2 protein chains.
Amino acid sequence: MPSVLWILFDGGGDRPNGGKTPFHVAFKPTIDYLTSLGSCGLLDPISPGVRPGSDTAHLALFGYDPYKYYTGRGAFEALGAGIELRPGDVAFRTNLATVDSSGVVIDRRAGRYIAPEETRAVEEVMAKIGDEVAKRYGVEVVYKSTVEHRGVLVLRGPVSHKVSDTDPHKVGMPVAKAAPLGNDREAALTAEVVNYITARFTEAAGGLEINKARAASGRPPINAILLRGGGYMPAIEPVAEKYRVKAAAIAGVALIRGVAKAVGMDVYTAQGLGGTKDDVFDHAVKLAVELMGKYDVVFLHVKGTDSTSHDGDFQGKVAVIERLDKALAPYLDHLLKNYFIVTSDHATPVSIREHTGEPVPLTLYGPDVVPDDVAKFSELTCWRGALGRLRGIDIMPILASYLGLSEKFGE
Amino acid sequence: MPSVLWILFDGGGDRPNGGKTPFHVAFKPTIDYLTSLGSCGLLDPISPGVRPGSDTAHLALFGYDPYKYYTGRGAFEALGAGIELRPGDVAFRTNLATVDSSGVVIDRRAGRYIAPEETRAVEEVMAKIGDEVAKRYGVEVVYKSTVEHRGVLVLRGPVSHKVSDTDPHKVGMPVAKAAPLGNDREAALTAEVVNYITARFTEAAGGLEINKARAASGRPPINAILLRGGGYMPAIEPVAEKYRVKAAAIAGVALIRGVAKAVGMDVYTAQGLGGTKDDVFDHAVKLAVELMGKYDVVFLHVKGTDSTSHDGDFQGKVAVIERLDKALAPYLDHLLKNYFIVTSDHATPVSIREHTGEPVPLTLYGPDVVPDDVAKFSELTCWRGALGRLRGIDIMPILASYLGLSEKFGE
């Protein structure tokens, strides 16, 4: 039975730039050959004009309406940090910060740079506080540092995301008390737990060796943790049930791995696929082709097109596309016997360096797909194609139908 | 920073007519030149096949789902009459009518023609009754005649639109008593107020000089006011908040001015722009170009294409389009540095003389917009373009994204 290889160029879409987009100028004979045999179109990852984040766009592309399933940044930040969330888990984005003796925030980032040993010490303190919370409140606490002063805090138990932030969002204000935003018992308990953690962290911080070292070198102490953006992990029917599709994702970026995991995909990594602009794709493509024997859909995430766009690096973006295409070349015969789809999760024009709301090009090749006249995968050509203008949420049903997996709606 | 000039030809869309639509045959070199440099598509103002009114279509084009925001004709009729509504205001469409001595309706239109001095006399009576209502019920009353026997009645205060019509909708029936359609206090009060106004109007009508004059010339008296279609003014988040777009509308038609105002646009008029088929656009276009320096989006409403369509006047419709285009010509260099969008709010085919449900042509030019092959703005060409088929509600997000104003959804 055929299966699908899905190449996703993160932030791959671009603006016309006088007739030259990275997709348009990149030498990518394999992608373009398959494009010439298949159908093209434009894809609005969410809906026309909407500027997606990578998380909301991937939810949509995986077949889940982000307006329903995107339940606050905290949850997706935690997924991005590699924490496996269960439905009902509540997650916050956190800052390590500095407060004065009266509890007023004087630095919302504790100097921003946090050394690895400081991260470890903070995680140890949080683990200890977590044990106390588990005993006192029956709530499990998971804390993980991410980048610099940032981290995520996950609460698991009879909790709710309906509590106010403790982050005052500016300096010169005291750390706020979390307050329940609903009348339910869960919100009340969550606020109490959050306030307990907040108070205990500042207490414990006084005795930390790292803060003595910081004081000695004139750096602000890490003596407060600020929470914001509480969100809960929704119950998500796995792709295998919702679309009857057995799917694997190969990705180096934690956030994408997290979203893929959340929708029930098996997640793989590959040598060379670190999620940077210098990734090499030979191992990743080899793995993808192998996995096509076991899965209906194999999704391969290419981060470099987005990173180079954020850097304004046109040639770098072209190079990422060309490198991926070259890695596909040895498998052309195999790809011709299966389905092949290429798209982006959003445009990140090199000239703008940020996500924008234009549609991205889309190509779909397969033994049963109508061939149109488009022979090059790019923003400047795909709009002529037979697929017309689709949305991210349409992709999974289309693939499931070509694979003969979808359930009939009606008789 | 660039901004957008948005030209809207009211009822501009038409049917093919053997290859000749007004847009297709009109000599409009400026619009067509910008079209040749930009993207085209088809636009369903609401959704495919839906025959929009100008009010619902403009709501959608301004970025507001009319199924959510269009809350009864009364409210939009009042906006059209130039009454500034506040959220929660309840508005009815009214007919001046004739009843016999037992209160049975014998003419739902009081002979239809209402002279200007009769309109004034009715408005004076209604103002007096309004004062009584304010004292008795704490509800403010605004009444305004519109065309012939028609008018609008607005109630402001602790009121509700959930009351039944007093208009029996046919002759030979008594004026109906308004009844609350809900259990709330507001509905009960509103019904009481409506019945008070109804009774007092008929009472006061007996003594009116205009009715003596009408009797003398054998015309039916204006001695009843019939209410129908109660609707409330919804709370509408202004475009500046919902889309982060600072927008101005230049329009001569009260209904369009009302809808624009309701969504928080600044509304302008211009010399020559009366909302008729004979409008001249030089001042309006000059103003639009000036306003582009102060606003992100400047919307210019052209009514004449609709009026001529309702009259079945093909050449007149062509002339309106050509006149508008000619007014744009001096500003071509300016337009080339900004965004430019042209569309209609619905088709009003000259052969049908009524709004129909086809999509209308759409062109979008801008420095960052993909150029396609379409070089003429018309129903017969735009379907080939790179925009594909969009909906009215998509326009604002697309513009906001190109202008770099939209908020990112997700990370």
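Note that the coordinates shown come from a computational prediction; the quantities given were computed from them, not determined experimentally.

If you look at the interface, chain B gives 22 residues, while chain A gives 30 residues. A combined buried area of about 2,100 Å² lies between chain B and chain A, and 54% of that area is made up of carbon and sulfur atoms. It is K408, F409 and E411 of chain B that lose the most area in chain B upon contact with chain A, and together they represent 37% of the buried surface on that side. Seen at the junction of chain B and chain A, the total is four salt bridges. At the boundary of chain B and chain A, one finds eight residue pairs in polar contact (both at pLDDT 80 or more). Sorting elements by how many residues they give to the side of chain B that touches chain A places helix α15 (residues 395–402) of chain B first, with four residues. In the side of chain B that touches chain A, the residues fall into 10 nonpolar, four polar and eight charged.

This paragraph deals with the sheet that holds strand β10 (residues 297–302) of chain A. The strands making up a sheet associate through backbone hydrogen bonding, with each pair oriented either parallel or antiparallel. All names here are of chain A. Taken in spatial order, the eight strands line up as β9-β8-β10-β1-β11-β12-β2-β13 in an open sheet, and their pairing is mixed. Edge positions in the sheet fall to β9 (266–268) and β13 (388–391), since each of these pairs with one other strand and no more. Averaged over neighbouring strand pairs, the angle between their axes works out to 25° when direction is ignored. The strands that helix α11 (residues 282–291) touches are β1 (4–9), β8 (247–250), β9 and β10; relative to β8, the one it contacts most, it runs at about 175°. Of the strands in this sheet, β1, β10 and β11 (339–344) are in contact with helix α13 (residues 314–328), which crosses β1 at around 165°.

Here we come to the nonpolar core. Residues and elements named next belong to chain A. Judged by nonpolar contacts, the single largest core of 56 residues is most densely connected at W6 and M265. Per-element accounting of this core gives the leading share, five residues, to helix α10 (residues 254–262). When residues of this core are assigned to domains, at least three fall in each of domain 1 (4–67 + 237–402) and domain 2 (77–232). For M265, the contacting residues outside a window of four places in its chain are F62, V239, A247, A249, A260 and M396.

Its rotation angle being 124°, the transformation that places chain B on chain A also includes 0.1 Å of axial translation and leaves an RMSD of 0.4 Å. Here the symmetry operator amounts to a three-fold rotation axis. Among all C-alpha atoms of chain B, that of G388 of chain B lies closest to the rotation axis, at 3.5 Å. Take the interface residues of chain B: only 5% of them recur as interface residues in chain A, which is what a contact between different surfaces looks like.

Here we come to unusual backbone geometry. One non-glycine residue, N17 of chain B, adopts positive backbone phi at about 55°. Locating N17 of chain B in the fold gives a position in the loop between β1 (4–9) and α1 (22–25).

Here we come to empty space enclosed by the protein. Residues and elements named next belong to chain B. Inspection of every chain in the model, using the stated rule, returns three cavities of 30 Å³ or more. Looking at the largest cavity, its volume works out to about 230 Å³. For the lining of the largest cavity, the element with the highest residue contribution is α15, accounting for three residues. Across the lining of the largest cavity, the residue classes break down as 11 nonpolar, four polar and six charged. For the second largest cavity, the calculated volume is near 40 Å³. In this structure, the second largest cavity is lined by I341, L362, L364, L387, L390, I395, I398 and L399. Contributing elements (two or more residues each) for the lining of the second largest cavity: β12 (360–365) and α15. Tallied by class, the residues present in the lining of the second largest cavity amount to eight nonpolar, no polar and no charged.

Residues and elements named next belong to chain A. In terms of residue burial, strand β6 (residues 150–156) counts as a mostly covered element, since six of its seven residues are buried. Summarising the sheet, strand β3 (residues 90–99) and β6 pair through six bridges and their orientation is antiparallel. Paired with V90 across the two strands is L155, which belongs to β6. The loop that links strand β5 (residues 140–145) with its antiparallel partner β6 comprises four residues; one of these, E148, has a positive phi angle of about 50°.

For the rest of this paragraph, the subject is the side chain of K28 of chain A. Residue and element names in this part refer to chain A. Here K28 is to be found in the loop between α1 (22–25) and α2 (29–37). A relative accessible area of 1% places K28 in the buried class. Sequence-distant contacts of K28, defined by excluding residues within four places in its chain, comprise F23, I321, D325, K376 and F377.

Residues and elements named next belong to chain A. One can read the domain layout of chain A as domain 1 (4–67 + 237–402) and domain 2 (77–232). Averaged C-alpha coordinates put domain 1 and domain 2 at centres separated by 36 Å. In this complex, domain 1 contributes six residues to the contact, which on the side of domain 2 involves four residues. Taken together, the two surfaces of domain 1 and domain 2 that pack against each other cover about 370 Å², and 68% of this comes from carbon and sulfur. Contact with domain 2 buries surface across domain 1, with A254, L255 and K261 losing the most and accounting together for 66% of the total. Here domain 1 is connected to domain 2 by one salt bridge. Notably, a salt bridge pairs E84 with K261, separated by 3.9 Å at the nearest N-O pair. Residue composition of the side of domain 1 that touches domain 2, grouped by class: four nonpolar, one polar and one charged.

On to helix α8 (residues 209–216) of chain A, then. All names here are of chain A. Within the span of α8, buried status applies to I210, N211 and R214. One face of α8 carries all of its buried residues, which in axial projection span an arc of 95°. Exposed positions of α8 whose direction lies more than 90 degrees from the buried face are E209, A215 and A216. Contact partners of the buried residues in α8: α6 (116–137) and α7 (185–205). Where α8 ends, the next residue or the one after it, G218, has phi of about 75°, a positive value.

This paragraph deals with the pairing of β3 of chain A. Walk down a regular strand and you will see the side chains alternate between the two sheet faces. Residues and elements named next belong to chain A. In terms of burial, β3 is a largely internal element, 10 of the 10 residues being buried. Judged from the seven bridges that link them, β3 and strand β7 (residues 224–232) form a sheet pairing that is antiparallel. Residue N95 lies in a different strand from β7, and its bridge partner there is L226. Bridge count between β3 and strand β4 (residues 105–107): two bridges; the pairing is antiparallel. The residue bridging T98 from the neighbouring strand is D107, located in β4.

Thresholds, definitions, all that
- Residues numbered from 1 in each chain as written.
- Chains lettered and ligands numbered in written order.
- Predicted model: local features only at pLDDT ≥ 70, side-chain atom pairs only at ≥ 80, totals over all residues.
- Heavy atoms only, no water.
- Contact = heavy atoms within 4.5 Å.
- Buried area = accessible area lost by both parts, 1.4 Å probe.
- Salt bridge = Lys/Arg side-chain N within 4 Å of Asp/Glu carboxyl O.
- Polar contact = N/O pair within 3.5 Å; in protein donor to acceptor, adjacent residues only side chain to side chain.
- Helix = DSSP H or I, 4+ residues; strand = E, 2+ residues; numbered from the N terminus.
- Nonpolar A, V, L, I, M, F, W, Y, C, P; charged D, E, K, R; others polar.
- Pairing = 2+ DSSP bridges.
- Axes fitted to C-alpha atoms, helices over the stretch in contact; angles between N-to-C directions.
- Core = buried A, V, L, I, M, F, W, Y, C linked by side-chain atoms within 4.5 Å.
- Buried < 20%, exposed > 50% of the residue type's maximum accessible area, 1.4 Å probe, protein only.
- Domains from an automatic or database assignment.
- Least-squares fit on C-alpha atoms with pLDDT ≥ 70 in both.
- 1 Å grid on protein atoms, 1.4 Å probe; cavity = no way out; pocket = protein on both sides within 12 Å on 5 of 7 lines; lining within 4 Å.
- Points joined across faces, edges and corners; volume = space filled by probe spheres on them.
- Arc of directions from axis to C-beta.

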